[in-house]
Each structure stands twice: as C-alpha cells, then as structure tokens.
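An overview of the molecular structure
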Amino acid sequence: MSANLPPLEELLDAFEDIERIHKIYLAQHGVKLPNKQSHKWVWLAMLHHARGEPVHKNLISDATRREFPDAARDQQVRHLKRDGWNYRVSYSRQPYLRRSL
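Residues numbered from 1 in each chain as written. Predicted model: local features only at pLDDT ≥ 70, side-chain atom pairs only at ≥ 80, totals over all residues. Heavy atoms only, no water.

Here's the deal with the nonpolar core
Grouped together as the largest cluster of nonpolar side chains are 25 residues, with contacts concentrated most on Leu11, Trp41, Val42, Met46, Ile60, Leu80 and Trp85. Ranked by residue count, the leading element in this core is helix H2 (residues 40-50), at 8 residues. (Core = buried A, V, L, I, M, F, W, Y, C linked by side-chain atoms within 4.5 Å. Buried < 20%, exposed > 50% of the residue type's maximum accessible area, 1.4 Å probe, protein only. Helix = DSSP H or I, 4+ residues; strand = E, 2+ residues; numbered from the N terminus.)

See the structure below:
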C-alpha cells in the first residue's frame with residue numbers, strides 16, 4: 001500500500017461532500033451516486049480529495065484495496081463515465097485522473 005493514501009476519515013468527508021454536490025447539482029441530470037458497498041465511492045472520494053490534482057490510478061487502486069481487501073489490483077476507474085461522472089484521463093506517460101465536479 002502507498003504511504004500517500006489519505007486517512008479513511010478524509011475520504012468519508014470527501015464522499016459526504018460529493019453526496020451534497022450530487023443532490024444539489026447532479027442528480028437532476030441522471031448522474032448516478034454509488035453506495036458505500038461499491039468500490040466506486042472510494043474512486044470518487046479519491047478524485048474529489050485531490051481537488052483537481054493528478055491522481056494515479058494505482059493510488060486509487062491502493063485506496064480501494066485498503067477499504068475492500070478482496071478488490072482487484074487494477075481498478076477500472078474509467079467505468080465512472082457510464083454513471084455520468086465527468087473526468088479527464090491523461091495517458092501521456094501514466095494514467096492520471098482529474099475530477100471535474
């Protein structure tokens with residue numbers, strides 16, 4: 001696991017903020033909010049926690065595996081787009097993700 005992972009409390013705070021933003025701005029547009037039994041809540045919380053800074057997909061995978069030890073090593077964060085979430089992926093050197101809320 002990476003030493004750069006935010007504490008669980010910070011991820012939970014980030015997800016609470018996402019829930020608030022979703023309720024006010026995104027639900028009306030059909031954007032789906034994952035529940036906390038889904039790995040996707042960790043993905044969104046990591047992206048929101050970074051506040052526009054690049055986040056390597058391996059860091060998101062590490063955070064997911066910390067909360068869900070049986071999760072696959074390579075999390076497919078790109079699947080958030082299916083639920084209506086908009087973010088940018090850069091493959092210039094490494095797959096980094098940025099959140100756009």
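Remarks on helix H1 (residues 8-26)
Each α-helix turn comprises 3.6 residues. Residues three or four places apart therefore point the same way. Those residues of H1 that fall on the buried side of the exposure criterion are Leu11, Ala14, Phe15, Ile18, Ile21, His22 and Leu26. The buried side chains of H1 occupy one side of the element, clustering within an arc of 120° when seen end-on. Seen from the open side of H1, the exposed residues pointing more than 90 degrees away from its buried face are Glu9 and Lys23. Looking at the buried positions of H1, the neighbouring elements they touch are H2 and helix H3 (57-67). (Arc of directions from axis to C-beta. Contact = heavy atoms within 4.5 Å.)

Side note on the environment of Leu44
With respect to the helices and strands, the residue Leu44 is situated in helix H2. For the pair formed by Leu44 and Ile60, sequence separation is 16 residues and the distance between their alpha carbons is 9.1 Å. Every residue in contact with Leu44, bar those within four places of it in the chain, is listed here: Ile18, Pro34, Leu80 and Trp85.

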